[in-house]
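Residues per chain are reported as follows:
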Amino acid sequence: MIKFFKNLLKLIKEKDPAIHRNIEIILYPFFKVYIYYKIAHFLYLHKCFFLARYFSEVAKKRTGIEIHPGAVIGKDFFIDHGTGVVIGETTIIKDNVMLYHGVTLGGTGKEKNKRHPTIENNVTIGAGALILGNITIGTNSIIGAGAIVLRDVPPNSTIVGVYK
Amino acid sequence: MIKFFKNLLKLIKEKDPAIHRNIEIILYPFFKVYIYYKIAHFLYLHKCFFLARYFSEVAKKRTGIEIHPGAVIGKDFFIDHGTGVVIGETTIIKDNVMLYHGVTLGGTGKEKNKRHPTIENNVTIGAGALILGNITIGTNSIIGAGAIVLRDVPPNSTIVGVYK
Amino acid sequence: MIKFFKNLLKLIKEKDPAIHRNIEIILYPFFKVYIYYKIAHFLYLHKCFFLARYFSEVAKKRTGIEIHPGAVIGKDFFIDHGTGVVIGETTIIKDNVMLYHGVTLGGTGKEKNKRHPTIENNVTIGAGALILGNITIGTNSIIGAGAIVLRDVPPNSTIVGVYK
């Protein structure tokens, strides 16, 4: 648990230059939402769907960040600011991924089962970007703020504007 | 009242594949905001403007969805996720309309009286789309995620990107 | 203090045609967030960084508007609706600026020290616009809804779409 706090603190200090005091991490919406997500995801895996969803809704009300309990999230994940972030049920996020506020990892409404994106290692996604459908964002890619991504992105790409 | 719940449940099950248990509907932000909207709209029609606005602000604080009490909304309306949705005072929404999170049905700041959009039957509006001004979105149209719409959309259209 | 209320009321009546009763101003998210910001900014200037951040987070939870306590804001500032607004630490906002909901005055992640925008007098920024980096938006400019601005904007400009 202490290790988790230490890791998160290290991560936030690396990624957000606006932090002045270590204790500020307890004010980060991501700090709260991540703890709720851990509980909700555990409940989801044990098929307590209602309770899982309840925790994710409480987290959303407190932080503006909506992570469906079914989403699978790797190590060193971080969301800055966070209001308006929506992460769908079948999303897979690998290691060292960073999102800004307003990012949607959502569906197109046309797919069944795996209908949300897969985000590979070391990806950064800018504010307000929309990543929709069962697509893969390749390793080390950067998705610019406000981008709309509707198909697979190869590794090491930088995407701006509409990509379909 | 029970009919209302049943209808809403049917609607959500149709439109959101992420629902696992019926009871989850009470966690949907839309479920809450819609009840508040009904009260606020009733008060607005009876010229209790302050109280109407109060209910809509409480709803917004709880759900992230802001529906002005003056907006007129038809049957089978549904908002998925919802954070960041803003629906202006003179908006008219007809039947079977679906919005995703981050949609704005707003004004351009240049018009008086009817200054917000009219949405016809069976329209779907994707995440983060901005529909601005006293324009009409025609029947059966689909507005893509992140689209910016500033003029009338004919029926049966699919709109992506900027449309002005 | 009474003068502050009077000014704000005059401002809101000028800028938002949806207000019906004067007393409605106490329901405006901006009314709340602005009071919190004043306290947070005072604390920030006196290097009480944790407490400053705490107040700005409380304000964000109550209104959906995130103003970093370090931001410098001039007279006659107004934010309509507000959910999803993010204003970064080194942002400078001069007089008579208006923002709509979903506006980001943020960083690109590449700059140090002054890494957020400067907004000159009489600027209006539409819903969902992203203004990123240490750039200046010139006097009397209008930034359209959903615009993405990544470089300096000369005075008296109207910007739509991506500007980089």
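Described below are features of the structure shown in this document. This one's a predicted model, so the numbers in the text were calculated from it and none came from an experiment.

### Quick look at the overall build of chain A
And then number 1: Check the secondary structure of chain A and you find 3 helices and 15 strands.
And then number 2: A compact globule built from 164 residues should have a C-alpha radius of gyration of about 15 Å, and chain A, at 15 Å, falls within 12% of that.
And then number 3: With respect to the principal axes defined by its C-alpha atoms, chain A has extents near 40 × 40 × 25 Å.
And then number 4: Looking at the 164 residues of chain A, the share that counts as buried comes to 58%.
And then number 5: In chain A, 30% of the contacts between residues at least 6 apart in sequence involve partners at least 24 apart.
And then number 6: As presented, chain A carries roughly 6900 Å² of accessible surface, and 59% of it is formed by carbon and sulfur atoms.
And then number 7: Computed over 21 positive and 12 negative side-chain charges, the inter-centroid distance for chain A is 4 Å.

### Comments concerning the pattern of salt bridges
Residues and elements named next belong to chain B.
And then number 1: Throughout the structure, instances matching the rule amount to 11 salt bridges over all chains.
And then number 2: Here Arg-115 makes a salt bridge to Glu-89, at a shortest N to O gap of 3.0 Å. In this pair, Arg-115 sits in the loop between strand S7 (104–106) and strand S8 (118–119) while Glu-89 sits in the loop between strand S4 (86–87) and strand S5 (92–93), placing the two residues 26 residues apart along the sequence.
And then number 3: A residue is classified by how much of its surface remains accessible, and Glu-89, at 7% relative accessible area, is buried.
And then number 4: Note that Glu-120 and Lys-94 form a salt bridge whose closest N and O atoms lie 3.6 Å from each other. Linking Glu-120 in the loop between S8 and strand S9 (124–125) with Lys-94 in the loop between S5 and strand S6 (98–99), this pair joins segments that are 26 residues apart in sequence.
And then number 5: Using a relative accessible area of 34% as the deciding quantity, one classes Lys-94 as partly exposed.

### So, the relation of the copies chain A and chain B
And then number 1: For the match of chain A to chain B, the screw axis carries a shift of 0.0 Å, the RMSD comes to 0.0 Å, and the turn is 120°. Interpreted geometrically, this transformation is the action of a three-fold axis. Taking C-alpha positions as reference, the residue of chain A nearest the rotation axis is A:Gly84, located at 3.7 Å.
And then number 2: Here only 5% of the contact residues of chain A are again contact residues in chain B; the copies associate through non-equivalent surfaces.

### Some details on the relation of the copies chain A and chain C
And then number 1: At an RMSD of 0.0 Å, chain A and chain C line up after a rotation of 120° and a shift of 0.0 Å along the axis.
And then number 2: When the interface residues of chain A are mapped onto chain C, a mere 5% of them again fall at the interface, so the copies present different faces.

### Observations regarding the sheet that holds strand S10 (residues 130–132) of chain C
Residue and element names in this part refer to chain C.
And then number 1: A sheet is described by the order of its strands in space; here 6 strands give the open sequence S1-S4-S7-S10-S13-S15, paired in parallel fashion. Lying at the two open borders of the sheet, with one neighbouring strand each, are strand S1 (66–67) and strand S15 (162–163).
And then number 2: Strand direction decides the pairing type here: S10 and strand S13 (residues 148–149), joined by 2 bridges, are parallel. Bridge pairing in S13 links Ile-131 to Val-149.

### A short note on the packing of helix H2 (residues 29–45) of chain C against helix H3 (residues 49–63) of chain C
All names here are of chain C.
And then number 1: Running from amino to carboxyl end, H2 crosses H3 at an angle of 170°, the nearest separation of the two axes being 8 Å. When the interaxial angle is binned, H2 and H3 end up roughly antiparallel. Across the interface between the two elements, Pro-29, Lys-32, Val-33, Tyr-36, Ile-39, Ala-40, Leu-43 and Tyr-44 from H2 touch Phe-49, Leu-51, Ala-52, Phe-55, Ser-56, Val-58, Ala-59, Arg-62 and Thr-63 from H3.
And then number 2: Looking at the contact of H2 with H3, its residues break down into 13 nonpolar, 2 polar and 2 charged.

### Some details on the side chain of C:Thr91
Residue and element names in this part refer to chain C.
And then number 1: Relative to the helices and strands, Thr-91 resides in the loop between strand S4 (86–87) and strand S5 (92–93).
And then number 2: Under the relative-accessibility criterion, Thr-91 is labelled buried at 0%.
And then number 3: A distance of 2.9 Å separates the side chain of Thr-91 from the backbone oxygen of Gly-88, its partner in a polar contact.
And then number 4: Not counting residues within four places of it along the chain, the set of residues in contact with Thr-91 comprises Ala-71, Val-72, Leu-105, Lys-114, His-116 and Pro-117.

### A closer look at the interface of chain A and chain C
And then number 1: Listed as interface residues are 22 residues of chain A and, on the opposing side, 22 residues of chain C.
And then number 2: In this assembly, chain A packs against chain C so that about 1900 Å² is buried in total across both faces, 61% of it on carbon and sulfur atoms.
And then number 3: The three residues of chain A that bury the most area against chain C are A:His20, A:Leu27 and A:Thr83, which together make up 29% of that side's buried surface.
And then number 4: Note that C:Arg53 is salt-bridged to A:Glu24, the shortest N-O span being 2.9 Å.

### Concerning the interface of chain A and chain B
And then number 1: On the chain B side, the residues contacting the 22 residues of chain A number 22 residues.
And then number 2: Summing the contributions of chain A and of chain B, the shared interface buries around 1900 Å²; its carbon and sulfur component is 61%.
And then number 3: Scanning the region where chain A abuts chain B turns up 1 salt bridge.
And then number 4: Across the chain A-chain B interface, the total number found is 9 residue pairs in polar contact (both at pLDDT 80 or more).
And then number 5: Put simply, the parts of the chain that give the side of chain A that touches chain B at least two residues each are helix H3 (49–63) and strand S10 (130–132) of chain A.
And then number 6: A per-element tally of the side of chain A that touches chain B places H3(A) first, with 7 residues.
And then number 7: Residue composition of the side of chain A that touches chain B, grouped by class: 8 nonpolar, 5 polar and 9 charged.

### Quick word on the packing of aromatic side chains
Note on aromatic pairs: each is described by the distance of the centres and the angle between the planes.
And then number 1: For the structure shown, the criterion picks out 27 aromatic pairs over all chains.
And then number 2: On the numbers, 5.2 Å between centres and 70° between planes, the contact of A:Tyr44 with A:Phe49 is edge-to-face.
And then number 3: What makes A:Tyr44 buried here is its relative accessible area of 17%.
And then number 4: The class for A:Phe49 is buried, based on a relative accessible area of 11%.
And then number 5: Among the aromatic residues, ring-to-ring pairing joins A:Tyr28, A:Phe30, A:Tyr34, A:Tyr37, A:Phe77 and A:Phe78 into one connected group.
And then number 6: B:Arg151 extends its terminal NZ or CZ atom over the ring of B:Tyr163, reaching a point 4.3 Å from the ring centre.

### A short note on the side chain of B:Ser56
Residues and elements named next belong to chain B.
And then number 1: Examined against the element boundaries, Ser-56 turns out to sit in helix H3 (residues 49–63).
And then number 2: For Ser-56, a relative accessible area of 7% puts it in the buried group.
And then number 3: Beyond its immediate chain neighbours, meaning those up to four positions away, Ser-56 contacts Ala-40, Ile-67 and Pro-69.

Definitions and limits used
Residues numbered from 1 in each chain as written. Chains lettered and ligands numbered in written order. Predicted model: local features only at pLDDT ≥ 70, side-chain atom pairs only at ≥ 80, totals over all residues. Heavy atoms only, no water. Helix = DSSP H or I, 4+ residues; strand = E, 2+ residues; numbered from the N terminus. Rg over C-alpha atoms; globule rule 2.2 N^0.38 Å. Buried < 20%, exposed > 50% of the residue type's maximum accessible area, 1.4 Å probe, protein only. Contact = heavy atoms within 4.5 Å. Areas by Shrake-Rupley, 256 points an atom, 1.4 Å probe, with all protein chains shown as cover. Lys, Arg positive; Asp, Glu negative; His and termini not counted. Charge placed at Lys NZ, Arg CZ, Asp CG, Glu CD. Salt bridge = Lys/Arg side-chain N within 4 Å of Asp/Glu carboxyl O. Least-squares fit on C-alpha atoms with pLDDT ≥ 70 in both. Pairing = 2+ DSSP bridges. Axes fitted to C-alpha atoms, helices over the stretch in contact; angles between N-to-C directions. Parallel < 35°, antiparallel > 145°, perpendicular 65-115°, else oblique. Nonpolar A, V, L, I, M, F, W, Y, C, P; charged D, E, K, R; others polar. Polar contact = N/O pair within 3.5 Å; in protein donor to acceptor, adjacent residues only side chain to side chain. Buried area = accessible area lost by both parts, 1.4 Å probe. Phe/Tyr/Trp six-rings, centres within 6.5 Å; stacked < 30°, edge-to-face > 60°. Lys NZ or Arg CZ within 6 Å of the ring centre and 35° of its normal.

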